[in-house]
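Listed below are the residues making up each chain.
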Number of protein chains: 2
Amino acid sequence: MKVSVVKNILEANDRIAQENRAIFDEKNLLVFNLMSSPGAGKTSLLEKTIVALKDDVKMGVIEGDIQSSQDAERIAEKGVPAVQINTGGACHLDGNMIRDTFKEFDFDSLDLLVVENVGNLVCPAEFKVGEDFKVMILSVTEGEDKPAKYPLMFHESKVLLINKIDLLPYVDCSVERIREEALKVNPDLKIFEISCKTGEGLDTWCDWLKGELKTKA
Amino acid sequence: MKVSVVKNILEANDRIAQENRAIFDEKNLLVFNLMSSPGAGKTSLLEKTIVALKDDVKMGVIEGDIQSSQDAERIAEKGVPAVQINTGGACHLDGNMIRDTFKEFDFDSLDLLVVENVGNLVCPAEFKVGEDFKVMILSVTEGEDKPAKYPLMFHESKVLLINKIDLLPYVDCSVERIREEALKVNPDLKIFEISCKTGEGLDTWCDWLKGELKTKA
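Bear in mind that the values here come from a model prediction, so they are computed numbers and not experimental data.

Peer 1: Help me out: how do you make sense of the relation of the copies chain B and chain A in this one?
Peer 2: Between the two copies of the chain lies a rotation about an axis combined with a shift along it. Mapping chain B onto chain A calls for a rotation angle of 180° and an axial translation of 0.0 Å; the resulting RMSD is 0.0 Å. The superposition of one copy onto the other is thereby described by a two-fold rotation axis. Comparing interface residues between copies, 100% of those in chain B also sit at the interface in chain A, which points to an isologous, same-surface contact.

Peer 1: Can you help me understand unusual backbone geometry in this one?
Peer 2: The general pattern is negative phi for most residues beyond glycine and trans for most peptide bonds. All names here are of chain A. Of note in the backbone geometry, N28 takes a positive phi value of approximately 50° without being a glycine. By secondary structure assignment, the location of N28 is in the loop between α1 (2-26) and β1 (30-36). One non-glycine residue, S68, adopts positive backbone phi at about 85°. In this fold, S68 is placed in the loop between β2 (59-65) and α3 (70-76).

Peer 1: Explain the confidence of the model for chain A here, please?
Peer 2: The pLDDT averaged across chain A works out to 95; a share of 97% of its residues lies at or above 70. Reported confidences for the modelled complex are a pTM of 0.95 and an ipTM of 0.92.

Peer 1: Help me understand the nonpolar core in this model?
Peer 2: It is characteristic of soluble globular proteins that their nonpolar side chains tend to be buried jointly. The biggest cluster of nonpolar side chains holds 114 residues, and the ones touching the most others in it are V114(A), V115(A), V114(B) and V115(B). If we skip the residues at most four places from it in the chain, V115(A) touches V31(A), N33(A), L34(A), I62(A), G64(A), L93(A), I98(A), V129(A) and E131(A).

The rules behind each value
- Residues numbered from 1 in each chain as written.
- Chains lettered and ligands numbered in written order.
- Predicted model: local features only at pLDDT ≥ 70, side-chain atom pairs only at ≥ 80, totals over all residues.
- Least-squares fit on C-alpha atoms with pLDDT ≥ 70 in both.
- Contact = placed C-beta atoms within 7 Å.
- Helix = DSSP H or I, 4+ residues; strand = E, 2+ residues; numbered from the N terminus.
- pLDDT = per-residue confidence, 0-100.
- Core = buried A, V, L, I, M, F, W, Y, C linked by C-beta atoms within 7 Å.
- Buried ≥ 20, exposed ≤ 12 C-beta atoms within 10 Å, placed from the backbone.

In structure tokens, the structure reads:
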């Protein structure tokens, strides 16, 4: 009974996500769904990516949080249209919530839409929102055992950004071990090592993203 | 409709949690529910707490993870009875899952039972498991904005452990700001600053916990 309720919710969400995706495709809009634990650096990554791509890419952002509008304010300060969704308790975004933001955007004027999900390494991976692909961030402070313990998000993501590599000298964590463990769960995972604080590795990520934008345009 | 399903699930869980609690009380067993984001240091805290209290306190641990038994193995290595629950996808523990572990423990021989929840700053706060109180960990690497963005867990917890203070020189984070923001959400929160790596602050936490154990015994 409980299982069938959950299955119905996921199936209904998949249908809505497909409809969203059709709208994005019609507008040649690349969309990625950005996920991570709380505090791994999703908003910082977006701030840095906006600045790096501002001459080449017209970007919009949907911010998902249980409460508060701090993240949308941070993004709007960078001169990018940003819409905040407050889930009011729900631990993930779903297709309907994303649909409700469409009226706030002019998709014809955008190349890229980023959906920053609620900080949660579990539930967001289950709910498509209409994205072309999922990007996840893992901070080196979270440890090497996370792919084995939270496999779904690693399995569903196209890209893994290993963030806060500037902290590597101070934590007991090997990036090589993270890579190995993540690739065990998803051998196709594209992995970038970055520091949103020092900027290290961000050019490689931005170049890759520009390549994806060309494919979609 | 969706809301009433969720409400029924929570009410049913509260009933089971109350039954668990009655069993714990009858055995004078102190139980706390330990919650945090992935990688904030729940298992490390337990390892350190077990070593510090090993002459005074007989402890058992229930480990909750979506998958893997790494955490229960880490705890068992410290000589403490540990039972691993694999939720198989679910993002939190509930009263029933805890009940299912009772046959694995001899409660008469224990003073303290710790339930280490799935790493998730959202959902575990909604589901009681029969605990006396909730303890949460926030790592300084997660940032100062977490109490405002994930208020329920801060609101429901009796204790906030601010962990990884050894990393403070290397991150943009003020412990004072975390304290202020957390106390805005829950003015009764008992806050300890700790480093599971260097051991700083752990004696104060352990002394407080021994006080709670005396009250329950």
